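Results of the structural survey
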Amino acid sequence: MAGPDNQKFCLQEVLDSFKSCLSPNREIYMEHYVAGWKGLIKLLNSLGSVFGFISKDAASKTQILMNFLDSKNGSEYATVQSMVKFELDNELVDVNKKGIYPESGCRTLLRLHRALRWLELFLDRLRTSKEDDKTSVMCREAYNESLAHHHPFMIRKAAGLAFYSLPGRPGFLEVMNVGSPEQVVAMLGEAVPLISEVYTITEELYQKHNLLDLP
Ligand code: 1PW
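A short tour of the structure in this document, coming up. What you see is a predicted model, and the numbers here were worked out from it, not measured in a lab. (Residues numbered from 1 in each chain as written. Predicted model: local features only at pLDDT ≥ 70, side-chain atom pairs only at ≥ 80, totals over all residues. Heavy atoms only, no water.)

Quick notes on the overall build of the protein chain
Broken down by element type, the protein chain carries 9 helices and 0 strands. Taken from N to C terminus, the helices and strands of the protein chain fall in the order α-α-α-α-α-α-α-α-α. What you see for the protein chain is a C-alpha radius of gyration of 17 Å, in line with the 17 Å of a compact globule of 215 residues. In terms of its C-alpha atoms, the protein chain occupies a principal-axis envelope of roughly 50 × 40 × 30 Å. Expressed as a percentage of its 215 residues, the buried residues of the protein chain come to 46%. Of the contacts made within the protein chain by residues no fewer than 6 positions apart, 69% connect residues no fewer than 24 positions apart. Approximately 11,200 Å² of the protein chain is accessible, and the part contributed by carbon and sulfur atoms is 53%. Seen as two clouds, the 24 positive and the 27 negative side-chain charges of the protein chain have centres 6 Å apart. (Helix = DSSP H or I, 4+ residues; strand = E, 2+ residues; numbered from the N terminus. Rg over C-alpha atoms; globule rule 2.2 N^0.38 Å. Buried < 20%, exposed > 50% of the residue type's maximum accessible area, 1.4 Å probe, protein only. Contact = heavy atoms within 4.5 Å. Areas by Shrake-Rupley, 256 points an atom, 1.4 Å probe, with all protein chains shown as cover. Lys, Arg positive; Asp, Glu negative; His and termini not counted. Charge placed at Lys NZ, Arg CZ, Asp CG, Glu CD.)

Shown next as structure tokens:
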């Protein structure tokens, strides 16, 4: 079970959440997806105050999804698949332009989903990096390949500046709170494919329903 929110980041917790994410028929449990993000927000918060604007946005989007889960329609939000069906069937999504549902579950989760790709690419670079490799470079490359495509100039600029303040590789591996660098790399080897699977299932679902460009 996830501990209190002010607890230190631990990669194990994120790994456990993403492990619990998939149902036997490959649906994504919202509760565990959200728990995975809560862990990642702790990571962002432990990277220093310049990551504050990034963590705030991720936290507010995670909160929106938690509110749906706690609402009277909560059972419709049990999985990402059931959320998509419920919101589309009931026309609760602004599909082409912003309208009366600026915070639908579908568009909110899409933002986190895009960010998850960044994280997957970054963690995979970290996993395969050499001792002298720079985390800021890994982070920027991962960002430019993924999330940057969805961000306007000002946010790309601010994110680029934040990357400079990332701890170096040894410090970053320590932030993971796992143990020796070899143990972190081993755990990343387990976590990255899980994150990647959750990402791919979501991507295919959104593609099937034409939701990848929700405003
Ligand atoms: C070092 C590991 C970092 C991985 C964590 C990934 C978290 C990514 C959150 C990026 C947020 C950047 C600032 C906010 C931008 C929003 O405008 C944007 N949100 C996201 C998640 O991309 C789009 O949301 P919006 O404005 O359409 O509600």
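That was the structure; now back to the text.
Topic: the packing of helix α6 (residues 135-145) against helix α7 (residues 153-164)
It is at 8 Å that the axes of α6 and α7 come closest, and there the two elements cross at 155 degrees. Relative to α7, α6 is oriented roughly antiparallel. Judged by the sense of rotation from one axis to the other, the crossing of α6 with α7 is right-handed. Contacts between α6 and α7 involve S136, C139, R140 and Y143 from the former and I155, R156, A159, G160, F163 and Y164 from the latter. Its residues assigned to classes, the contact of α6 with α7 comprises 6 nonpolar, 2 polar and 2 charged. (Axes fitted to C-alpha atoms, helices over the stretch in contact; angles between N-to-C directions. Parallel < 35°, antiparallel > 145°, perpendicular 65-115°, else oblique. Left-handed = near helix turned anticlockwise from the far one by under 90°. Nonpolar A, V, L, I, M, F, W, Y, C, P; charged D, E, K, R; others polar.)

Remarks on the site of the ligand
Around the ligand there are 15 residues in total, and D57, K61, R107, R111 and H151 lie nearest to it. Contact distances for the ligand include 2.8 Å between a nitrogen atom and a side-chain N or O atom of D57. Contact between the ligand and H151: an oxygen atom at 2.7 Å from a side-chain N or O atom of the residue. The cavity that encloses the ligand is the second largest pocket. Mapped by element, the contributors of at least two residues to the shell around the ligand are α3 (52-70) and α5 (105-128). Residue contributions to the shell around the ligand peak at 6 residues, all from α5. Within the shell around the ligand, the residues separate by chemical class into 10 nonpolar, 1 polar and 4 charged. (Near = heavy atom within 4 Å. Polar contact = N/O pair within 3.5 Å; in protein donor to acceptor, adjacent residues only side chain to side chain. 1 Å grid on protein atoms, 1.4 Å probe; cavity = no way out; pocket = protein on both sides within 12 Å on 5 of 7 lines; lining within 4 Å. Sits in = over half its atoms within 2 Å of the grid points.)

Limitation: the analysis is restricted to geometry and does not speak to function.
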